[in-house]
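Coordinate analysis (summary)
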Amino acid sequence: MLNLQQAEFIRSAVSEKDFPRDGLPQFVFAGKSNVGKSSVLNRLLRRKNFARVGAQPGKTVHINFFLIDKQTYFVDLPGYGFAKVSKAEQNRWGELMQIYFDSGLLSCGVQIVDIRHAPTKDDATMANWFRASGMPWLVIANKLDKIKKSQLQGCLDVIRQTLLLPEAVPVIPFSAEKGDGRETVLDMLIAHMGKDAYKS
């Protein structure tokens, strides 16, 4: 049993020495700066402002570690692909993420994309990092509430084809606004922990 109410912010990592190395699973969340990553984390944890939601995208400039029920980490990677951030800052974020991926700490990846649009080149690069890690990952197609039901399958097909996703990688329709897809995502994460259930 994983109690999602027992969630605490641990630290913002600016270098490899800041990464927790206590053997607990680390579930890594990545997405474009304006894709609603913080809102997805808040919805999963049912906490209104736990992961900071900025009025301006691109505010997560470090790797943030959240400890869930002292059993696992939710790892919030810097948002990528935000044009108003300097190239030097983008490079610094990219280097930090590459160091994390090379660390071997990732247990499972969660890539968040916008269901309304075809994934970008940055999304494809992120998918390649998850693929190269050799670890399981899943894709959350956020902003489900912004499309018609008749558009759903076509949008999911575009995401899968653009990111060249293996069949083993699920694409989960999700609404951070309304909560659709929450239980599906949590069930998959719990399964990767070898746990049976969670308390929300």
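Preceding this paragraph is the structure being described.
The structure presented is a predicted model; accordingly, all values stated were derived computationally and were not measured. (Residues numbered from 1 in each chain as written. Predicted model: local features only at pLDDT ≥ 70, side-chain atom pairs only at ≥ 80, totals over all residues. Heavy atoms only, no water.)

On to the overall build of the protein chain, then. Each helix and strand in the protein chain was counted, giving 5 helices and 9 strands. Along the chain direction, N to C, the helices and strands of the protein chain fall in the order β-β-β-α-β-β-α-β-α-β-α-β-α-β. The C-alpha atoms of the protein chain give 16 Å as radius of gyration, which agrees with the globular expectation for 200 residues (16 Å, within 12%). For the C-alpha atoms alone, the extent of the protein chain along its principal axes is close to 45 × 45 × 35 Å. For the protein chain, with 200 residues in total, the buried portion stands at 49%. Sequence-distant contacts in the protein chain: of pairs separated by 6 or more residues, those separated by 24 or more amount to 74%. About 9800 Å² of surface is accessible on the protein chain, with carbon and sulfur atoms providing 50% of the total. One finds the centroid of the 27 positive side-chain charges in the protein chain at a distance of 6 Å from the centroid of its 20 negative side-chain charges. (Helix = DSSP H or I, 4+ residues; strand = E, 2+ residues; numbered from the N terminus. Rg over C-alpha atoms; globule rule 2.2 N^0.38 Å. Buried < 20%, exposed > 50% of the residue type's maximum accessible area, 1.4 Å probe, protein only. Contact = heavy atoms within 4.5 Å. Areas by Shrake-Rupley, 256 points an atom, 1.4 Å probe, with all protein chains shown as cover. Lys, Arg positive; Asp, Glu negative; His and termini not counted. Charge placed at Lys NZ, Arg CZ, Asp CG, Glu CD.)

Right, let's get into the sheet that holds strand β3 (residues 26–31). Taken in spatial order, the 7 strands of this open sheet run β2-β4-β5-β3-β6-β7-β8, and their pairing is mixed. The outermost strands of the open sheet, each flanked by one partner alone, are β2 (7–13) and β8 (171–173). For this sheet, the mean angle separating the axes of adjacent strands, direction not counted, is 25°. By the bridge criterion, 4 bridges tie β3 to strand β5 (residues 72–76) in an arrangement that is parallel. Paired with F27 across the strands is F74, a residue of β5. Most of the contacts of helix α2 (residues 87–102) go to strand β4 (residues 63–68), to which it runs at about 45°, and overall it touches β2, β3, β4 and β5. (Pairing = 2+ DSSP bridges. Axes fitted to C-alpha atoms, helices over the stretch in contact; angles between N-to-C directions.)

Once that is clear, we can look at helix α3 (residues 121–133). Given a rise of 1.5 Å per residue, 13 residues ought to cover 18 Å, and the 19 Å separating the end C-alpha atoms of α3 matches this to within 8%. Within α3, burial applies to D123, M126, A127 and F130. Considered in projection along α3, the buried side chains sweep an arc of 100° and stay on one side of the axis. Among the exposed residues of α3, those oriented more than 90 degrees off its buried face are K121 and A132. As for α3, its buried residues are in contact with β3, α2, β6 (108–114) and β7 (137–142). Its side-chain oxygen 3.3 Å from the backbone nitrogen of D122, T120 forms the N-cap of α3. (Expected span 1.5 Å × (residues − 1). Arc of directions from axis to C-beta. Polar contact = N/O pair within 3.5 Å; in protein donor to acceptor, adjacent residues only side chain to side chain.)

Here we take up the side chain of S175. Note that S175 resides in the loop between β8 and α5 (182–193). Within the structure, the side chain of S175 is placed 2.9 Å from the backbone nitrogen of K178, a separation counted as a polar contact. Leave out the neighbours within four places in its chain, and S175 touches R43, N142, L144, D145 and D180.

As a further point, take the pattern of salt bridges. The final tally for this structure, using the stated rule, is 9 salt bridges. For E183, the salt bridge identified is with R46, shortest N-O distance 3.9 Å. Pair noted here: E183 is in helix α5 and R46 is in the loop between α1 (37–45) and β4, with a separation of 137 residues, a long-range link. We classify E183 as partly exposed; its relative accessible area is 38%. Residue R46 is classed as partly exposed on the basis of its relative accessible area of 45%. (Salt bridge = Lys/Arg side-chain N within 4 Å of Asp/Glu carboxyl O.)

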